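For reference, the chains in residue letters:
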Amino acid sequence: MYKVAILTLFPDMFPGILEHSITGRAKANGLWDLKVFDIRQFAKDRHKTADDSVYGGGAGMLMKPELVAETIKLAKQEMPDAKVIYLTPTGTPFSQKKSIEFANLEGGVILLCGHYEGIDQRVIDLYVDYEVSIGDYVLTGGEVAVFPLVDAILRNVEGVLGNSATLHEESFDNDLLEYPHYTRPVEFEGLEVPGVLKSGNHAKIAQWRLEKAIEKTKKVRPDLYKKYLENKEK
Ligand code: ADE
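Residues numbered from 1 in each chain as written. Predicted model: local features only at pLDDT ≥ 70, side-chain atom pairs only at ≥ 80, totals over all residues. Heavy atoms only, no water.

### Describing the site of the ligand
Around the ligand sit 13 residues in total, of which Thr88, Ile134, Gly135, Tyr137 and Leu139 are the nearest. Contact distances for the ligand include 3.0 Å between a nitrogen atom and a backbone N or O atom of Ile134. Contacts to the ligand include Tyr137, whose backbone N or O atom sits 2.8 Å from a nitrogen atom. In isolation the ligand has 260 Å² of accessible area, and contact with the protein removes 97% of it. For the shell around the ligand, the secondary structure elements donating two or more residues are strand 5 (83-93), strand 7 (130-133) and helix 5 (142-154). (Near = heavy atom within 4 Å. Polar contact = N/O pair within 3.5 Å; in protein donor to acceptor, adjacent residues only side chain to side chain. Areas by Shrake-Rupley, 256 points an atom, 1.4 Å probe, with all protein chains shown as cover. Helix = DSSP H or I, 4+ residues; strand = E, 2+ residues; numbered from the N terminus.)

### Notes on the domain arrangement of the protein chain
The domain boundaries assigned to the protein chain delineate domain 1 (2-154) and domain 2 (169-233). Look at where the C-alpha atoms of domain 1 and domain 2 centre, and you get two points 36 Å apart. (Domains from an automatic or database assignment.)

### Regarding unusual backbone geometry
Going from Phe14 to Pro15, the amide bond is cis rather than trans, its omega being 5°. Here Pro15 lies in the loop between strand 1 (2-8) and helix 1 (21-28). Going from Arg184 to Pro185, the amide bond is cis rather than trans, its omega being 0°. Structurally, Pro185 can be placed in the loop between helix 6 (163-167) and strand 8 (187-188). Backbone geometry places Asn174, a non-glycine residue, at a positive phi of 55°. Inspection of the secondary structure assignment puts Asn174 in the loop between helix 6 and strand 8.

Rendered as structure tokens:
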């Protein structure tokens, strides 16, 4: 069973959408497990304060380091071999490749959600294994980023998608975006299904799909297309 822990100031946000559809079914089938830890539980004052001002001045607040550290230690008691991932816009970009790497972590993952301006650098230095960003934009907190991250990881956990789907080619394999798909009817609002897809000629279909994947990637992701060309030459 793949283990996920989430460390947050907003525990009520979870499991949220992860309890639905494919990830929800996989959870009900015991393929993965979620534990949510409330960082605020360690706050000592009457108001349960979780933030403090930043040394050196400037706008915004930081999460109190001792609360974050206590919560990580508690999660580690239950998942001693788990890796700690801190979700932050200043992290390494998340990718399909990273999702496979994280899915293969035997001890599971402890996901730390930052809030306010983030967390004290010493907590990162002492406890964090990976700093990860889900894209070049700033979210209100790491919680929002947890959903796409966990969903993408779980697709690579054995049994979650079922056998046939895992063998299926998909976007980002070979640095290409996937080719277009069609279903019935043959004609829809004046547009026809490309003839080759009805031909039954599998070699021709594979050739057409590769061409379309290249066309699409070149158009919308020139950066990825460049990578595809470089790797093809190897
Ligand atoms: N927290 C705020 N913005 C984020 C981002 N882009 N990725 C991960 N965590 C974040």
